[in-house]
Amino acid sequence: MSPNASSAAPKGIQQYIAARQGGPFQLINAPYPVPGPNEICIRNRAVGLNPLDWKNLHHGMMVDSWPEIFGIDTAGVVEVVGKNVQGFKAGDAVMSLAGHGGRAGAFQDVTTVPANYACRKPTAWTFEQAASVPICYLTAVASIIKGLGVPLPHLRELPNERIPNLDDLTSPMTPGATQPQIKPPLLTSVLVIGGSSGVGASAVQLLRDALPHLVIITTNSRAHNQKVTSLGATTCVDRNMKPDQIAKAVREASPNGKGVDAMIDTVAGAMAGNKEIFGAFREDGPKLYSHVMTGEKLEVSEGVKAATVFGRMAFQTDGGGAAMTKLVDLVESGRFKMPLEIEVVGKGLGVIGAGLEKLRGGVSGTKLVVSL
């Protein structure tokens, strides 16, 4: 049976709240949360810092009211579980997607989330490493399934059974379908814009696992080429070139030099006046553009089929309810590695504000985390 929240929980916690847009942050005392029937309470041991956190702080991007608690990545130890929760118990080491504000935010001692947002922490990963992964992985899942219509085998396989003929699972799924459509290959090449970002490096690995012969081209700084290709990219293009030069280089690296079938844009690389990048599409191809929500206005060239995606959409995909649990299987089978190196910027809730300012100033190929 699940522990009773009122008897198992300590008396109170601390929360690191943003008092108003732009700050400052304040450390306050708050009651210990009571989980709902399908929720768990996690004592946070490390939290990840994300661009969305400082966008929320400075622009109120997804804030309904102030004060607010940010943080969307966490890893820690389960303390209390709801009465309907199966698969978790007090003392389990986990990593989890956190929520947008309130008791679900990560920037506090204890975070309360739906149980399916969490999974067991891989044994080989530290809490700090684990806290760097959830939102990047889930957004990559959504960008591939929702944005490109490509099913991911690790979400659909039964125990000891991989989906056969993975290279045939390349055409978009019919809306409402419960099984992948087995058709002749449609996608032969994909461009991942921002291949050295957390989402980009995760997408490269998931695409390579699903479609072993897919040509995966990425844009990123040259300094990250070795890392990105080690994760599964076929080749990398220097992101510092002009958009039309990037498009030309991508076409040259694509099958038969004709251009790519699809793009996953993790950094709004084709936005903000950079629409020339769409010139990398194969003229007679499907021209699928999966755009990770960044707050930028979505404008695409004529004929481009665009979809905006975000991390929680992964739970809405076929098999996605177990997306986090299945991540552990991927990691422990060697099919998914840490997408980014981590940098621990300090210890304690009080250093989060300085960490976000460092992130705002620009960080490349690294995920900033805070130990708690």
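Residue numbers here run from 1 along each chain, matching the order of that chain's written sequence. Residues qualify for local features only when their pLDDT is at least 70, as the model is predicted, and side-chain atom pairs are given and counted only at 80 or more; totals for whole chains, interfaces and linings, by contrast, use all residues. Only hydrogens and water are set aside when side-chain values are computed; all heavy atoms of the structure are taken into account.

The name an unreviewed UniProt entry gives the chain is Enoyl reductase (ER) domain-containing protein, with Podospora pseudoanserina as the organism.

1. With respect to the packing of aromatic side chains
Paired rings are identified among Phe, Tyr and Trp, the last through its six-membered ring, by centres lying within 6.5 Å, and are further divided according to the angle between planes into stacked (under 30 degrees), edge-to-face (over 60) and tilted (the rest). Using the criterion set out here, one finds six aromatic pairs in the structure. Judged by centre distance (5.8 Å) and plane angle (80°), the rings of Tyr-137 and Phe-336 are edge-to-face. Of this pair, Tyr-137 sits in helix α4 (residues 134–148) while Phe-336 sits in the loop between α8 (323–332) and β14 (341–347); the two residues are 199 residues apart in sequence, bridging distant segments of the chain. Each member of the pair Tyr-137 and Phe-336 is classed as buried. A ring pair is formed by Phe-278 and Phe-281, whose centres lie 6.1 Å apart and whose planes are at 0°; its orientation type is stacked. The same class applies to Phe-278 as to Phe-281, namely buried. Here the aromatic cluster, defined as three or more aromatic residues joined through ring pairs, consists of Phe-278, Phe-281 and Tyr-289. Counting from the N terminus, the helices are the DSSP runs of H or I reaching at least four residues and the strands are the DSSP runs of E reaching at least two. Buried means the residue's accessible area, taken with a 1.4 Å probe over protein chains only, is under 20% of the maximum for its type, while exposed means over 50%, and partly exposed covers the values in between.

2. Digging into empty space enclosed by the protein
Think of a 1 Å grid over just the protein atoms. A cavity is a set of points where a 1.4 Å probe fits yet cannot get out, a pocket is an open set with protein on both sides within 12 Å along at least five of seven lines, and lining residues have an atom within 4 Å of a point. Grid points are joined across faces, edges and corners, and a volume is the space filled by probe spheres set on the points. This structure, assessed with the given rule, holds one cavity of 30 Å³ or more. Taken as a whole, the largest cavity encloses approximately 50 Å³ of empty space. Residue lining of the largest cavity: Asp-53, Asn-56, Met-62, Val-63, Glu-68, Ile-69, Phe-70, Gly-71, Ile-72, Gly-99, His-100 and Gly-101, and that is the complete set. When residue character is reported, Ala, Val, Leu, Ile, Met, Phe, Trp, Tyr, Cys and Pro are called nonpolar, Asp, Glu, Lys and Arg charged, and the others, Gly included, polar. Split by residue class, the lining of the largest cavity holds five nonpolar, five polar and two charged.

3. Considering the layout of surface pockets
Computed from the structure, the largest pocket encloses a volume of approximately 1,400 Å³. Along the wall of the largest pocket there are 50 residues; nearest its centre are Pro-51, Ser-197, Thr-266, Val-267 and Thr-294. Breaking the lining of the largest pocket down by element, the ones donating at least two residues are α2 (51–59), α4, α5 (198–210), α7 (243–253) and β15 (366–371). Ranked by residue count, the leading element in the lining of the largest pocket is α2, at four residues. Grouping the amino acids of the lining of the largest pocket by side-chain chemistry returns 26 nonpolar, 19 polar and five charged.

4. Describing a nonpolar patch on the surface
To count toward a patch, a residue needs a relative accessible area over 30% and no salt bridge; like charges are then connected within 9 Å, while nonpolar side chains (Val, Leu, Ile, Met, Phe, Trp, Tyr) are connected within 5 Å. All accessible-area figures derive from a Shrake-Rupley calculation using a 1.4 Å probe, and residue coverage is judged against the displayed protein chains alone. Criterion for a salt bridge: a side-chain nitrogen of Lys or Arg within 4 Å of a carboxyl oxygen of Asp or Glu. A cluster of nonpolar side chains, namely Met-62, Met-293 and Phe-310, defines an oily patch on the protein surface of about 240 Å² accessible area. Residue position: Met-62 is located in the loop between α2 and β4 (73–81).

5. Looking at the sheet that holds strand β9 (residues 215–220)
Here, a strand pair is defined by DSSP locating no fewer than two bridges between the strands. Pairing is parallel across the open sheet formed by six strands, whose spatial order is β10-β9-β8-β11-β12-β13. Each edge of the open sheet is held by one strand with a lone partner, namely β10 (235–238) and β13 (305–309). Averaged over all pairs of adjacent strands, the angle between strand axes in this sheet comes to 20°, irrespective of strand direction. One ladder, built from four bridges, connects strand β8 (residues 189–193) with strand β11 (residues 262–265); its direction is parallel. If you follow Val-192 over to β11, its bridge partner there is Ile-264. Every axis corresponds to a line fitted to the C-alpha atoms, with the helix fit spanning only the stretch in contact, and the corresponding angles, defined between N-to-C directions, vary from 0 to 180 degrees.

6. Examining helix α9 (residues 352–361)
All buried positions along α9 are accounted for by Ile-352, Gly-353, Gly-355, Leu-356 and Leu-359. Within α9, the buried residues cover an arc of 160° as seen down the axis, which keeps them to one side. Pointing more than 90 degrees away from the buried face of α9 are the exposed residues Ala-354 and Gly-361. Pairs of residues are marked as contacts when any of their non-hydrogen atoms sit within 4.5 Å. Buried residues along α9 sit against β1 (12–18), β2 (25–31), β3 (39–48), α2, β14 and β15. Backbone geometry just after α9 places Gly-362 at a positive phi near 115°. Here, the arc refers to the directions that run from the helix axis to the C-beta atoms.

7. What to know about the pairing of β14
Where β14 and β15 come together, five bridges link them in parallel fashion. Bridge assignment links Glu-341 to a residue of β15, and that residue is Thr-366. Read from β14 through α9 to β15, the crossover connection turns out right-handed. The handedness of a crossover follows from its direction of travel: if, with the strands pointing away from the viewer, the path from the first strand over the helix to the second runs clockwise, the crossover is right-handed.

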